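# Structure assessment
These are the residues of each chain, in order.
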Amino acid sequence: MKYPKIVVLGGGSGLSSMIEGLKHYPIDLKAIVTVADDGGSSGIIRNSFNISPPGDLRRVILSMSSKENTFKDLLEYRFNADDNPFAKHPVGNIILTALCNMHNNSIIEATNHLSDILQVTGKIIPLCDKPIDLVATFEDGHTIVGEEAIANYNKKIK
C-alpha cells in the first residue's frame, strides 16, 4: 500500500510536537530538522565539539521512535548537579555527540545510527552536517548572529 508522503521542516519543540500527532496516521513521514541552535546543552556541545547541535534532532528522533517510553525517558534524562560535567545535558544529546564523534563528526550519520537503534518510522534529515549560524538584520540596522542572540534582541527583524 502506498501512503501519502509528508515532509515537515523545522526545529525546536514545535516540530517534535507536530510529529507526535502525525505519526499516528498511515503516512510516509520525512522530517528535515534545522540545526542552528546555539543555546543550552546543544550550544555547549556545538561549541565544545564543533558539531551541529544535537537537541532538536534528539527531540525529533524520540518523537518518531517506536520504542517504549521508558527508553525515551532515559534519553531525555538530564543530570541536575551543577558541579557535574554532564549538568543539564540530556543523555540523548551526549549519545548523539558520541555517535557523531564515532562517525567522523557527521551529525547525519549519528542521526541515522540512533534512528536505527530507536526504530524510527520515517526518515530524519539534518539540514546540514556542519554547524551553521542564523543571521538577522533588524529594522534598527543591527545585524545579529546566533539563534539565542537573535531571540534575545527583541526587536523587529527587517
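Note that this is a predicted model, so its numbers are computed, not measured.

Reading the values: rules and limits
- Residues numbered from 1 in each chain as written.
- Predicted model: local features only at pLDDT ≥ 70, side-chain atom pairs only at ≥ 80, totals over all residues.
- Heavy atoms only, no water.
- Buried < 20%, exposed > 50% of the residue type's maximum accessible area, 1.4 Å probe, protein only.
- Helix = DSSP H or I, 4+ residues; strand = E, 2+ residues; numbered from the N terminus.
- Pairing = 2+ DSSP bridges.
- Right-handed = clockwise from strand over helix to strand, strands pointing away.
- Axes fitted to C-alpha atoms, helices over the stretch in contact; angles between N-to-C directions.
- Parallel < 35°, antiparallel > 145°, perpendicular 65-115°, else oblique.
- Left-handed = near helix turned anticlockwise from the far one by under 90°.
- Contact = heavy atoms within 4.5 Å.
- Nonpolar A, V, L, I, M, F, W, Y, C, P; charged D, E, K, R; others polar.
- pLDDT = per-residue confidence, 0-100.
- Disulfide = S-S within 2.5 Å.
- Phe/Tyr/Trp six-rings, centres within 6.5 Å; stacked < 30°, edge-to-face > 60°.
- Expected span 1.5 Å × (residues − 1).

## Some remarks on the pairing of strand 2 (residues 28-33)
Side chains Leu29, Ala31 and Val33 of strand 2 all project onto a buried face; the interleaved residues Asp28, Lys30 and Ile32 project onto a face where none is buried. Pairing between strand 1 (residues 5-10) and strand 2: six bridges, direction parallel. Residue pairing for strand 2: valine 7 is matched across the bridge by lysine 30. What joins strand 1 to strand 2 is helix 1 (residues 12-22), and the crossover it makes is right-handed. When strand 2 meets strand 3 (residues 123-126), the two strands line up parallel, connected through four bridges. Residue pairing in the sheet places valine 33 in a bridge with proline 126 of strand 3.

## What to know about the packing of helix 5 (residues 91-102) against helix 6 (residues 107-117)
Interaxial distance between helix 5 and helix 6 falls to 8 Å at its minimum, and their mutual angle equals 120 degrees. Judged by the inter-axis angle, helix 5 sits oblique to helix 6. Seen along the crossing, helix 5 lies across helix 6 with a hand that is right-handed. Where helix 5 abuts helix 6, its residues Ile95, Leu96, Leu99 and Cys100 lie against Ile107, Ala110, Thr111, His113 and Leu114. For the contact of helix 5 with helix 6, a count of residues per class yields seven nonpolar, two polar and no charged.

## What to know about the confidence of the model for the protein chain
Mean pLDDT over the protein chain: 92, with 100% of residues reaching 70 or higher. Looking at the elements of the protein chain, mean pLDDT is at its lowest for helix 4 (residues 69-76), recorded as 87, and at its highest for strand 3, recorded as 97.

## A closer look at the state of the cysteines
Overall, the coordinates contain zero disulfides when judged by the stated rule. Left unpaired, cysteine 128 is separated from the closest cysteine sulfur, that of cysteine 100, by 11 Å.

## Considering the packing of aromatic side chains
For the coordinates displayed, the defined rule picks out three aromatic pairs. For the ring pair phenylalanine 79 and phenylalanine 86, a centre distance of 5.7 Å and an interplane angle of 35 degrees mean the geometry is tilted. Look at phenylalanine 79 and you get partly exposed, because its relative accessible area is 28%. An aromatic cluster of at least three residues, connected via ring pairs, comprises Tyr77, Phe79 and Phe86.

## Here's the deal with helix 5
Taking 1.5 Å of rise per residue, the twelve residues of helix 5 would be expected to cover 16 Å, and the 17 Å separating its terminal C-alpha atoms lies within 8% of that figure. Of the residues making up helix 5, those classed as buried are Val91, Gly92, Asn93, Leu96, Thr97, Leu99 and Cys100. Tucked into the core, helix 5 has its buried residues touching helix 2 (40-49), helix 3 (55-64), helix 4 and helix 6.

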